[in-house]
Amino acid sequence: MSSSVLICDDSNLARKQVLRSLPEQWQVDIKTASNGREALTLLRDNSVDVLFLDLTMPDIDGVGVLQGIQKLNLDTAVFVISADIQPEMQNKVMLLGAKAFLRKPVNAEVLTSNLQQHGYI
């Protein structure tokens with residue numbers, strides 16, 4: 001069975017880096033979004049199992065996306081990938097429902113370990 005994945009980051013380079021870091025054996029249908037507004041539209045209109053989410057984006061940031069997921073009552077596992085490693089921000093996103101906070105640029109082994117830990121592969 002294939003999982004549905006959304007990668008949301010305003011940097012095309014960062015989106016490609018996350019894509020390259022996904023486990024090869026993981027069968028996924030991948031969509032991408034370049035900002036939070038686009039991500040929320042895709043999340044609302046599609047069934048998305050896993051979201052890899054940047055925090056610092058124009059329009060609607062990652063915190064706004066997490067709040068939107070809560071308001072829409074969506075069952076999407078969110079893995080935040082950000083260079084903003086402040087403990088306060090890490091705590092905030094975890095309280096908003098993120099499964100994990102991964103440091104940018106994401107390490108493929110760390111990403112795979114987190115996906116395994118949460119039962120997605």
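Please read all numbers here as calculations on a predicted model, not as lab measurements.

## Section: the side chain of D9
The residue D9 is located in the loop between β1 (3–8) and α1 (12–21) in this model. At a separation of 2.7 Å, a polar atom in the side chain of D9 contacts the side chain of K104. Once you skip the residues sitting within four places of it in the chain, D9 turns out to touch A14, R15, A33, S34, D54, M57 and K104.

## Remarks on the pattern of salt bridges
Under the criterion given, the structure shown has 5 salt bridges. The shortest N-O distance in the salt bridge between R44 and D45 comes to 3.3 Å. The salt bridge involving K104 is made with D54; its shortest N-O contact spans 3.2 Å. Taken as a pair, K104 in the loop between β5 (100–103) and α5 (108–117) and D54 in the loop between β3 (50–53) and α3 (62–72) lie far apart in primary sequence, 50 residues in all. Taking relative accessible area as the criterion, K104 reaches 26% and is therefore assigned partly exposed. A residue is classified by how much of its surface remains accessible, and D54, at 4% relative accessible area, is buried.

The rules behind these values
- Residues numbered from 1 in each chain as written.
- Predicted model: local features only at pLDDT ≥ 70, side-chain atom pairs only at ≥ 80, totals over all residues.
- Heavy atoms only, no water.
- Helix = DSSP H or I, 4+ residues; strand = E, 2+ residues; numbered from the N terminus.
- Polar contact = N/O pair within 3.5 Å; in protein donor to acceptor, adjacent residues only side chain to side chain.
- Contact = heavy atoms within 4.5 Å.
- Salt bridge = Lys/Arg side-chain N within 4 Å of Asp/Glu carboxyl O.
- Buried < 20%, exposed > 50% of the residue type's maximum accessible area, 1.4 Å probe, protein only.

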